[in-house]
Amino acid sequence: MIIGITGSIASGKTFVTDYLKELGYKIIDADEISRNLLKKDSKGYFKVIDVFSKDILTDNGEIDRKKLAKMIFNNSINKKKLEEIVHPLVFEEIEDYKEKYKEEKYIFISMPLLFETGYQKKVDKVITVYIKKDIQIERLMRRDNIDREYAITKISSQFDLEEKVKNSDYVIDNSNSKEETIEIVKKVLELLKE
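What counts as what
- Residue positions are given per chain, counting from 1 as you read along its sequence in written order.
- The predicted origin of the model limits local features to residues at a pLDDT of at least 70 and limits the giving and counting of side-chain atom pairs to 80 or more, whereas totals for whole chains, interfaces and linings rest on all residues.
- In computing side-chain properties, one takes all heavy atoms of the structure into account and sets aside hydrogens as well as water.
- Strands are labelled as partners when DSSP assigns at least two bridges between them.
- Strands are runs of DSSP state E lasting at least two residues, helices are runs of H or I lasting at least four, and both sets are numbered from the N terminus onward.
- What counts as an axis is a line fitted to C-alpha atoms, over the stretch in contact for a helix, and the angles between N-to-C directions run from 0 to 180 degrees.
- Contact between two residues is taken to exist if any of their heavy atoms lie within 4.5 Å; hydrogens are not considered.
- Angle categories: roughly parallel below 35 degrees, roughly antiparallel above 145, roughly perpendicular from 65 to 115, and oblique for all the rest.
- Put simply, a crossing is left-handed when the front helix is turned counterclockwise from the back one by less than a right angle, and right-handed when it is turned clockwise.
- Throughout this entry, Asp, Glu, Lys and Arg are counted as charged residues, while Ala, Val, Leu, Ile, Met, Phe, Trp, Tyr, Cys and Pro are counted as nonpolar. The remaining residues, Gly among them, count as polar.
- Just to be clear on terms, a salt bridge is a Lys or Arg side-chain nitrogen sitting within 4 Å of an Asp or Glu carboxyl oxygen.
- Relative accessible area decides the class of each residue, using a 1.4 Å probe on protein chains only: under 20% of the type maximum gives buried, over 50% gives exposed, and in between gives partly exposed.
- Residues grouped as a nonpolar core are buried Ala, Val, Leu, Ile, Met, Phe, Trp, Tyr and Cys residues, joined through side-chain atoms within 4.5 Å.
- Pairing of aromatic rings covers Phe, Tyr and the six-membered ring of Trp, with a centre-to-centre limit of 6.5 Å; geometry is then stacked below 30 degrees between planes, edge-to-face above 60, and tilted otherwise.
- Think of it as a cone above the ring: NZ of Lys or CZ of Arg counts as a charge over the ring if it is within 6 Å of the ring centre and within 35 degrees of the ring normal.
- The term polar contact refers here to a pair of N or O atoms within 3.5 Å; inside protein, the definition further demands a hydrogen-donor-capable atom paired with an acceptor-capable atom, and it admits residues adjacent in sequence only when both atoms are side-chain atoms.

Colleague: Please set out the sheet that holds strand β5 (residues 170–173) residue by residue, giving values where relevant.
Modeller: If you walk across this open sheet you meet the five strands as β2-β3-β1-β4-β5, and the pairing is parallel. The outermost strands of the open sheet, each flanked by one partner alone, are β2 (26–29) and β5. Across the sheet, the mean angle from the axis of one strand to that of its neighbour is 25°, orientation sign disregarded. Relative to strand β4 (residues 125–130), strand β1 (residues 2–7) runs parallel, the two being bridged by five bridges. What sits directly across from T6, in β4, is T128. Helix α9 (residues 178–193) rests against β1, β3 (107–110), β4 and β5 of the sheet, and its axis sits at about 165° to β5.

Colleague: Residues and numbers for the packing of helix α2 (residues 30–37) against helix α5 (residues 76–100), please.
Modeller: At their nearest, the axes of α2 and α5 sit 9 Å apart, and the two run at 120° to each other. Regarding the angle of α2 to α5, the classification is oblique. Where α2 crosses over α5, the handedness of that crossing is right-handed. For the pair formed by α2 and α5, the contact residues are A30, I33, S34 and L37 on the first element and V86, L89, V90, E93, I94 and Y97 on the second. Tallied by class, residues from the contact of α2 with α5 come to eight nonpolar, one polar and one charged.

Colleague: I'd like to hear about the pattern of salt bridges, residue by residue, with values.
Modeller: Across all of its chains, the model carries 12 salt bridges by this definition. The shortest N-O distance in the salt bridge between K166 and E163 comes to 3.0 Å. On the criterion of helical spacing, the pair formed by K166 and E163 is a turn pair, its members being three residues apart in helix α8 (residues 161–166). Relative accessible area serves as the criterion here: at 62%, K166 is assigned to the exposed category. Here the residues in one salt-bridge network are R143, D144 and K154, joined through shared partners.

Colleague: An account of the nonpolar core is needed here, citing residue identities and associated values.
Modeller: Residues V48, I63, L68, I94 and I109 are the most contacted members of the largest nonpolar core, which totals 30 residues. For this core, the secondary-structure elements that each account for two or more residues are α2, α3 (43–52), α4 (65–73), α5 and β3. The contacts of L68, once residues within four sequence positions are left out, are L38, V48, F52, I56, I63 and L82. Ranked by size, the runner-up nonpolar core spans 17 residues in total, among them V16, Y19, I172 and L189.

Colleague: Tell me about the packing of α4 against α5, and please be specific about residues and values.
Modeller: Two quantities define a packed helix pair, namely the angle between the axes and the distance from one axis to the other. Packing of α4 against α5 brings their axes to within 6 Å, and their N-to-C directions diverge by 125°. Put simply, α4 runs oblique to α5. The residues of α5 that touch α4, namely those facing L68, M71 and I72, are N78, K79 and L82. Partitioning the contact of α4 with α5 into residue classes produces four nonpolar, one polar and one charged.

Colleague: Can you lay out the packing of aromatic side chains for me, pointing to particular residues and giving the numbers?
Modeller: Any two aromatic rings considered together are summarised by their centre-to-centre distance and by the angle between their planes. Scanning the entire structure with this criterion turns up six aromatic pairs. On the numbers, 5.3 Å between centres and 85° between planes, the contact of Y25 with F108 is edge-to-face. Note that Y25 is positioned in the loop between α1 (13–22) and β2 and F108 in strand β3, a separation of 83 residues in sequence. Summarising the burial analysis for this pair, Y25 and F108 share the class buried. Members of the aromatic cluster, connected to one another through ring pairs, are Y25, Y106 and F108. Its guanidinium or amino end placed over the ring of Y150, K70 lies 5.6 Å from that ring's centre, counting from NZ or CZ.

Colleague: Provide a residue-level description of the environment of K98, including the pertinent values.
Modeller: By the secondary structure assignment, K98 is in helix α5. Residue K98 is classed as buried on the basis of its relative accessible area of 16%. With 29 residues separating them in the primary sequence, K98 and I127 have C-alpha atoms 18 Å apart. A polar contact of 3.3 Å, which involves the side chain of K98, links it to the side chain of Y119.

As structure tokens, this is what we get:
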């Protein structure tokens, strides 16, 4: 069974997937794949530089992800250009991982843009990691060391979390303690096995 895990920025997807990894499940992480595709001399690296110029590079020649993020967050044309480069490469790698893990009973694909890319059609079940908006803003400000306004801009650039919840098979509310979140994950795993 292929299960998509999604959510919004700073909703707690990583916490949930790290716990699933501890339990021995295979996780395909779209964000991790995306980061690797932008590393120096990787598949996506040169394509991104061709489109966004060498201005996005750090002194050691790596892509400065913060500079790139600022270029796309307030510019839908740049965002689309980046997605046209990165998404097909990410999907290709996901297919490779699915093939590699094909003997597994459950494969989890962690993908923040699951609905935005239409990838929910390629999974059997969808889990959304939910968080209350005020907590999400606070966590994002702390995590990325950014101000409230930029945090809200980043959150707003993604598909509405409430909409993701409506279109999901299961919801993991990560608004409370880690222990409570783990209990919800356990319940969802039981439901998946039924």
